[in-house]
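Remarks on the overall topology
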Amino acid sequence: MIGAIPLVGTIVGTSAAQAATNASVTTATNAVGDFGQMMTQVVTDAMSKMRTGEATAISGLQGKATVQQVVEAVSDAQGSLQTALAVRDKAVSAYQEITRMTI
Amino acid sequence: MIDPLDASIKIAGSGIEAQSSRLRVVAENMANAQSTGKTPGSNPYRRKTITFENELDRTTGVSLVKVGRVGVDSSTFKTEHDPSNPAADAQGMVKLPNVNILFEMADLREANRSYEANLQVVKETRDLFSMTLDLLKSS
């Protein structure tokens, strides 16, 4: 837990530069402890899964996909969105914890 | 490496798909249990069979199930004396499909149970997933 604290400095430090490098996010394997990059990837993943879920739901309504495929895609999207939200909430509360710190 | 929980849902999904195909074959057999041929002496509907096989999913490395082959049951046809049927031969005998409704009912029930079991795997996996995620929320 203590080990995570120094990461906050990295987040604050890189958040400005993050906007510029967002476009060049690569795989998680070479993201060395960069929380911002990791979050970007999680959100991108959740977004693409939601798009897939919606596309499958539409083709299901058109009779091109089976009910099972629709359910699988939509619940996959739901799962990754929930994960993204939970991690974001946790990150925000950690940030608030720091702003409330008495100096 | 794929998340094991995601993998279980994928595997159970393939099971559900396979059992749906089995259900389809049973439905075809049941519906055609009385389908005789069109011309005198011709063969009636032949019972279909389905086999499943194991398939390794290359991207995730998990073993899925898929429909192997939808084949035909080559057992002999029953015959019945019914001269008025268009498929009756010179002796008035009609060949009937080699479908046994009892077998089909048993197969149907087995497909149903297997489908339910796979659904249960999906449900349990989803419950475990959300329970684990709740650890982040509650504290």
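Attention here is on the structure that accompanies the text. Note on numbering: residues in each chain are counted from 1, in written sequence order. Labels are handed out in written order, letters beginning with A for the chains and numbers beginning with 1 for the ligands. Predicted model: local features are reported for residues with pLDDT of at least 70 only, side-chain atom pairs are reported and counted for 80 or more only, and whole-chain, interface and lining totals are derived from all residues. Each side-chain value is derived from all of the structure's non-hydrogen atoms; neither hydrogens nor water enter the calculation.

Some details on the pattern of salt bridges
Residues and elements named next belong to chain B. This is how it is decided: Within this document, salt bridges are pairs made up of a side-chain nitrogen of Lys or Arg and a carboxyl oxygen of Asp or Glu, the two lying within 4 Å of each other. In DSSP terms, a helix is any run of H or I states spanning at least four residues, a strand is any run of E spanning at least two, and both are numbered starting from the N terminus. Relative accessibility decides the category of a residue: with a 1.4 Å probe and only protein chains considered, values under 20% of the type maximum give buried, values over 50% give exposed, and everything between is partly exposed.
For the structure on display, the rule yields 13 salt bridges over all chains. One salt bridge in this structure joins Lys66 and Glu53, with 3.6 Å as the shortest N-O distance. With Lys66 in strand E2 (residues 63-72) and Glu53 in strand E1 (residues 48-56), this pair connects stretches of sequence that are 13 residues apart. Overall, Lys66 belongs to the partly exposed group, its relative accessible area being 33%. Judged by relative accessible area, which is 38%, Glu53 ranks as partly exposed.

Some remarks on the layout of surface pockets
What counts is decided by this rule: Here a cavity denotes grid points, spaced 1 Å and computed from the protein atoms alone, that fit a 1.4 Å probe unable to get out, and a pocket denotes an open set having protein on both sides within 12 Å along at least 5 of 7 lines; residues with an atom within 4 Å of a point are the lining. Grid points are joined across faces, edges and corners, and a volume is the space filled by probe spheres set on the points. Throughout this entry, Asp, Glu, Lys and Arg are counted as charged residues, while Ala, Val, Leu, Ile, Met, Phe, Trp, Tyr, Cys and Pro are counted as nonpolar. The remaining residues, Gly among them, count as polar.
The volume enclosed by the largest pocket comes to roughly 1100 Å³. Together, 38 residues line the largest pocket, and Lys49 and Asp76 of chain A together with Ile2, Asp6 and Ile9 of chain B are the ones closest to its centre. If you list the elements that add at least two residues to the lining of the largest pocket, you get helix H2 (35-61) and helix H3 (67-99) of chain A together with helix H1 (4-31), E2 and helix H2 (101-138) of chain B. The dominant element in the lining of the largest pocket, judged by the number of residues it contributes, is H3 of chain A, at 11 residues. Of the residues belonging to the lining of the largest pocket, the class tally is 14 nonpolar, 13 polar and 11 charged.

Notes on the interface of chain A and chain B
Formally: Note on contacts: a residue pair qualifies if any of its non-hydrogen atoms lie within 4.5 Å across the two residues. As a working definition, buried area equals the accessible area (1.4 Å probe) given up by two parts on being put together, with both sides summed. For the purposes of these results, a polar contact is taken to be a pair of N or O atoms within 3.5 Å, where, inside protein, one atom must be able to donate a hydrogen and its partner to accept one; residues adjacent in sequence count only when each atom of the pair is a side-chain atom.
Taken residue by residue, the interface counts 9 residues in chain A and 10 residues in chain B. Contact between chain A and chain B buries roughly 910 Å² in total, counting both sides, with carbon and sulfur atoms accounting for 58%. When residues of chain A are sorted by the area they lose upon contact with chain B, Gln68, Ala86 and Lys90 of chain A head the list and together hold 46% of the total. Taken together, chain A and chain B are joined by 0 salt bridges. Remark: the boundary between chain A and chain B carries 1 residue pair in polar contact (both at pLDDT 80 or more).

Side note on the environment of Val122 of chain B
All names here are of chain B. Structurally, the position occupied by Val122 is in helix H2. For Val122, a relative accessible area of 18% translates into the label buried. In sequence terms Val122 and Gly13 are 109 residues apart; their C-alpha atoms lie 7.7 Å from each other. Excluding anything up to four places from it in sequence, Val122 contacts Ile9, Ala12 and Ile16.

With respect to the environment of Val121 of chain B
Residues and elements named next belong to chain B. Mapping Val121 onto the fold places it in helix H2. The exposure class assigned to Val121 is partly exposed, which follows from its relative accessible area of 38%. Note: C-alpha distance between Val121 and Ile9 (112 residues apart in sequence) is 7.3 Å. Apart from the residues lying within four places of it in its own chain, the contact partners of Val121 are Ser8 and Ala12.

Re the packing of H3 of chain A against H2 of chain B
Two measures define how a pair of helices packs: the angle their axes make with one another and the distance between the axes. Rules: Interaxial angle, 0 to 180 degrees, is taken between N-to-C directions of lines fitted to C-alpha atoms, where a helix line uses only the stretch in contact. Any angle from 65 to 115 degrees is called roughly perpendicular, while one under 35 is roughly parallel, one over 145 is roughly antiparallel, and all others are oblique. Handedness of a crossing follows from how the near helix is turned relative to the far one, being left-handed for an anticlockwise turn of less than a right angle and right-handed for a clockwise one.
At a minimum axis distance of 9 Å, the contact between H3 of chain A and H2 of chain B shows a crossing angle of 15 degrees. Compared by their axis directions, H3 of chain A and H2 of chain B come out roughly parallel. When the axes of H3 of chain A and H2 of chain B are compared, the crossing they make is left-handed. Residue-level inspection shows Ser75, Gly79, Gln82, Thr83, Ala86, Val87 and Lys90 of chain A of H3 of chain A in contact with H2 of chain B, the latter providing Arg126, Phe129, Leu133, Leu136 and Lys137 of chain B. Taken together, the residues of the contact of H3 of chain A with H2 of chain B sort by class into 5 nonpolar, 4 polar and 3 charged.

Notes on H3 of chain A
Here is the rule we go by: To estimate the expected span of a helix, count its residues, drop one, and scale the result by 1.5 Å.
The end-to-end C-alpha distance of H3 of chain A is 48 Å, a good match for the 48 Å that 33 residues give at a rise of 1.5 Å each. Within H3 of chain A, the full set of buried residues consists of Gln68, Val70, Ala73, Ser75, Ala77, Gly79, Ser80, Ala84, Ala86 and Val87 of chain A. Along its buried surface, H3 of chain A packs onto H2 of chain A together with H1 and H2 of chain B.

Notes on H2 of chain B
Relative to the 56 Å expected for 38 residues at 1.5 Å per residue, H2 of chain B spans 54 Å between its end C-alpha atoms, a close match to the ideal helical length. Where H2 of chain B is concerned, the buried positions are Glu104, Asp107, Ala111, Asn118, Val122, Thr125 and Leu133 of chain B. In this fold, the buried residues of H2 of chain B make contact with H3 of chain A together with H1 of chain B.

Examining the packing of H2 of chain A against H3 of chain A
Residues and elements named next belong to chain A. Between H2 and H3, the least distance of the axes is 8 Å, while the angle of their chain directions is 155 degrees. In this view, H2 runs roughly antiparallel relative to H3, as classed from their interaxial angle. Along this stretch, H2 crosses H3, giving a crossing that reads as left-handed. Every residue of H3 that contacts H2 at Phe35, Met39, Val42, Ala46, Lys49, Met50, Thr52, Gly53, Thr56, Ala57 and Gly60 is listed here: Gln69, Val70, Ala73, Val74, Asp76, Ala77, Ser80, Leu81, Ala84, Val87, Arg88 and Ala91. The residue inventory of the contact of H2 with H3, partitioned by class, reads 14 nonpolar, 6 polar and 3 charged.

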